[in-house]
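Given next are the chains, with one letter for each unit.
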Amino acid sequence: MIHELLLALSGYPGTIFTWNKRNGLQVSQDLPFLHPSETSVLNRLCKMGTDYVRFAEFIEQHTGHVHQQEHYSSQPSQSGLHGIYLRAFCTGLNSMLQPYRHALLDLEKEFLGDPHLSISHVNYMLEQFQLLFPSVMVVVETIKSQKIHGCQILETVYKHSCGGLPPVRMALEKILAVCHGVMYKQLAAWMLHGLLLDQSEEFFVKQGPSAGGATAAQEEEEEDLGIGGLSGKQLRELQDLRLIEEENMLAPSLQQFSLRVEMLPSYIPVRVAEKILFVGESVQMFENHNQSPSRAGSILKHQEDMFAAELHRLKQQPLFSLVDFENLVDGIRSTVAEHLWTLMVEESDLLGQLKNWIIMLAEASGNREGTTPPQETSPREAPPTGWAALGLAYKVQWPLHILFTPAVLEKYNVVFRYLLSVRRVQSELQHCWALQMQRKHLKSNQMDAVKWRLRNHMAFLVDNLQYYLQVDVLESQFSQLLQQINATRDFESIRLAHDHFLSNLLAQSFILLKPVFHCLNEILDLCHNFCSLVSQNLGPLDERGAAQLDILVKGFSCQSFLLFKILSSVHYNKYYTQAGGTLGSFGL
């Protein structure tokens, strides 16, 4: 019977030990010579044999023979499970079963030498597997029932390996090490060559933008916060570094990559995954777009072989070490970031390019020369005409295109057009002042007093706005940006500083604060209409002109009051807060 038992435990049941799909391996009920205690021991052994058979079936189903490997690596099996991480798990599981198979062979040798071998001895020799197999079976059943996929398998095995039973922990750690081998191969391809080898979408880096998804706090974002009509969403836009949410819709990048966070194992922090993403993106960009290899050289400074050897060394370690892993990722990231800094700052004259941008933005607020029509407009808007059609056209040279993306250039154009509109109105108001000086010797009436008082209030507001935008926003923020660029040799720090700079330009110039921006545009339109009225009526206003002036007075009074009220709620200039109730408010 021992021989039949060993065969059954190897996956070959017979008449004494039978098999059915529901209960697995069982002792036949027609054996009267068995003592109840022997039956109990045999049932325990049968339970272990059942686990072994089901392990073997799982391995065979998801690996199969050599000619089936391509099928299982690219397409789901009947159970819906597939992928290279699943195959690696099965390889590790098969390795875990090897000591069990050897134990059965050893028992067979003992049985051949001693035909009187007892069932208790068999139970004793296989006792460690009676503890191990049920725990590993929990992992297998979890993968099957929840259809665990890709790097999620790493997380599942890792969680179950954190238990307190040494045999279980050691077995699962060996399986995890095999699965990590797949991850290290993907990391080497991505970080060293910019290749995303992930046909079954198993890696935690993916091509394309992040999912984004609907926010759970949508109601809170749309709720009025009680500060001048600001909603939570608008306040978030004001504080968000990325700012313009439709950036990808305005001008999508040529090729984008992002993190597939649901695939990231919990023992690898997001900060490390972000570094991995940055390195791969940079290498990929460099390999695809580098037009002058002799000039730029290797982005990894020809250290690919050394980094590949380090990744291989980590792959060979029996246990995953986050410290060693992050140190290596940091080393690769630092090499890439420093090389990009050299390309950007020293070879491509980043500071000179930024100064050119600021000079053009400054010219927008100082004069109206040097502007050209923009290269393209948003497909969601009607083609602009007249002054609205003016913009900046800028041909970005490699590798500055990774900093000055189309979306970034569009943001610069938004600021440029805004500054230009403020400067245009300021110039028109100054022209009105010149007309006033030409007629100061003539007799004036009450209507003239209202007209020139309105011009003074408009000029006061626009002059202060222009000075604030030029000095407190543009020059101040650019000075901080230059300091941050000169204080580092890391490209990522430059990109973050530039993002922050552009964010502050849009935020502090009120472009993102929609209620203020809308109010300012209304005020600028009123000022423009006033200047048109004055320029077209050099003499005393007729009845129709007086009616138009009355509308302008009331409109400016209303909009300036609303502007100061909103600004006071977000703690801007206190003089405007105090003047908000009176500036522009006067009767005929």
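Residues numbered from 1 in each chain as written. Predicted model: local features only at pLDDT ≥ 70, side-chain atom pairs only at ≥ 80, totals over all residues. Heavy atoms only, no water.

1. Here we look at the overall build of the protein
A count of helices and strands for the protein gives 22 helices and 4 strands. Across the protein, the fraction of contacts at a sequence separation of at least 24, relative to all contacts at a separation of at least 6, is 74%. With the model as given, the accessible surface of the protein reaches about 29800 Å², and the carbon-plus-sulfur share is 53%. (Helix = DSSP H or I, 4+ residues; strand = E, 2+ residues; numbered from the N terminus. Contact = heavy atoms within 4.5 Å. Areas by Shrake-Rupley, 256 points an atom, 1.4 Å probe, with all protein chains shown as cover.)

2. Notes on the pairing of strand β1 (residues 17–20)
Direction of pairing for β1 relative to strand β2 (residues 24–27): antiparallel, over a ladder of 4 bridges. Looking at β2, one finds that Trp19 is bridged to Leu25. A loop of 3 residues connects β1 with β2, the two strands running antiparallel in sequence. (Pairing = 2+ DSSP bridges.)

3. With respect to the packing of helix α4 (residues 84–113) against helix α8 (residues 166–193)
Between α4 and α8, whose axes approach to 8 Å, the crossing angle comes to 145 degrees. In this structure, α4 crosses over α8, and the sense of that crossing is right-handed. Contacts between α4 and α8 pair Ile84, Tyr85, Ala88, Phe89, Thr91, Gly92, Leu93 and Met96 from the former with Ala171, Ile175, Val178, Cys179, Val182, Met183 and Gln186 from the latter. Its residues assigned to classes, the contact of α4 with α8 comprises 12 nonpolar, 3 polar and no charged. (Axes fitted to C-alpha atoms, helices over the stretch in contact; angles between N-to-C directions. Left-handed = near helix turned anticlockwise from the far one by under 90°. Nonpolar A, V, L, I, M, F, W, Y, C, P; charged D, E, K, R; others polar.)

4. Here we look at the packing of aromatic side chains
Both the distance between ring centres and the angle between the ring planes are used here to describe each pair of aromatic rings. On inspection of all chains with the given rule, the structure shows 15 aromatic pairs. Judged by centre distance (4.8 Å) and plane angle (40 degrees), the rings of Tyr52 and Tyr100 are tilted. Placement of Tyr52 in helix α2 (residues 36–62) and of Tyr100 in helix α4 is noted, with a sequence separation of 48 residues between them. Like Tyr52, the residue Tyr100 is buried in the burial classification. Pairwise contacts between aromatic rings join Tyr52, Phe55, Tyr100, Phe129 and Phe133 into one cluster. (Phe/Tyr/Trp six-rings, centres within 6.5 Å; stacked < 30°, edge-to-face > 60°. Buried < 20%, exposed > 50% of the residue type's maximum accessible area, 1.4 Å probe, protein only.)

5. A closer look at the environment of Thr50
Relative to the elements of secondary structure, Thr50 occurs in helix α2. Given the relative accessible area of 3%, Thr50 is considered buried. Sequence separation between Thr50 and Leu9 is 41 residues; the distance between their C-alpha atoms is 7.8 Å. In this view, Thr50 contacts Trp19, Asn23, Gly24 and Leu25; residues no more than four positions away in its chain are not counted.

6. So, the nonpolar core
Judged by nonpolar contacts, the single largest core of 163 residues is most densely connected at Phe89, Leu126 and Phe204. It is helix α18 (residues 446–486) that provides the largest number of residues to this core, a total of 16 residues. The residues touching Phe204, leaving out its near neighbours within four places in the chain, are Cys151, Met183, Leu187, Ser258, Leu259, Arg260, Met263, Leu264, Pro265, Ala273 and Ile276. (Core = buried A, V, L, I, M, F, W, Y, C linked by side-chain atoms within 4.5 Å.)

7. Side note on helix α6 (residues 127–146)
Its 20 residues place the ends of α6 30 Å apart at the C-alpha level, agreeing with the 28 Å of an ideal helix rising 1.5 Å per residue. Those residues of α6 not exposed but buried are Phe129, Gln130, Leu132, Phe133, Val136, Met137, Val139, Val140, Thr142 and Ile143. Where α6 ends, the next residue or the one after it, Lys147, has phi of about 50 degrees, a positive value. (Expected span 1.5 Å × (residues − 1).)

8. Looking at the pattern of salt bridges
Where side chains of opposite charge bring their charged atoms close, a pairing between them can arise. For the coordinates displayed, the defined rule picks out 10 salt bridges. We note a salt bridge from Glu155 to Lys159, for which the minimum N-O separation is 3.6 Å. Of this pair, Glu155 and Lys159 both sit in helix α7 (residues 152–160), 4 residues apart, roughly one helical turn. On the basis of relative accessibility, which here comes to 56%, the residue Lys159 falls in the exposed class. Its salt-bridge partner being Glu310, residue Arg313 comes within 3.1 Å of it at the nearest N-O pair. With Arg313 and Glu310 both in helix α14 (residues 304–316) and 3 residues apart, the pair spans about one turn of that helix. Residues participating in the shared-partner salt-bridge network are Arg271, Lys275, Glu326 and Asp330. (Salt bridge = Lys/Arg side-chain N within 4 Å of Asp/Glu carboxyl O.)

9. Some remarks on the packing of α14 against helix α15 (residues 322–347)
Viewed as axis vectors pointing N to C, α14 and α15 meet at an angle of 165 degrees, and their least axial separation amounts to 11 Å. Taken together, the axes of α14 and α15 lie roughly antiparallel to each other. Crossing handedness for the pair α14 and α15: left-handed. Note on element contacts: α15 touches α14 through Asp324, Phe325, Leu328, Gly331, Ile332 and Thr335, opposite Phe307, Glu310, Leu311 and Leu314. (Parallel < 35°, antiparallel > 145°, perpendicular 65-115°, else oblique.)

10. Here we look at unusual backbone geometry
Despite not being glycine, Glu201 shows a phi value in the positive range, around 55 degrees. You can see Glu201 is positioned in the loop between α8 and β3 (205–207). Backbone geometry places Phe510, a non-glycine residue, at a positive phi of 75 degrees. Take Phe510: it is sitting in the loop between α19 (491–508) and α20 (514–536).

11. Looking at the environment of Glu155
Judged by relative accessible area, Glu155 falls into the buried class, the value being 14%. Spatially, the C-alpha atom of Glu155 lies 8.0 Å from that of Tyr267, the residues being 112 residues apart in sequence.

12. Comments concerning the environment of Leu420
With respect to the element layout, Leu420 can be found in helix α17 (residues 406–438). Sequence separation between Leu420 and Leu361 is 59 residues; the distance between their C-alpha atoms is 8.3 Å.

13. As for α7
Of all the residues in α7, the buried ones are Ile153, Leu154, Glu155, Thr156 and Val157. In this fold, the buried residues of α7 make contact with α4, α6 and α8.

14. Brief notes about the confidence of the model for the protein
When the pLDDT values of the protein are averaged, the result is 75; 72% of them are 70 or greater. Here helix α11 (residues 247–250) is the element of the protein with the lowest mean pLDDT, 34, and α7 is the one with the highest, 94. The model gives residues 65–76 a pLDDT under 50, and that stretch makes 18 contacts with residues more than four places away or in other chains. Scored below 50 in pLDDT, residues 573–577 makes 6 contacts in the model with residues more than four places away or belonging to other chains. (pLDDT = per-residue confidence, 0-100.)

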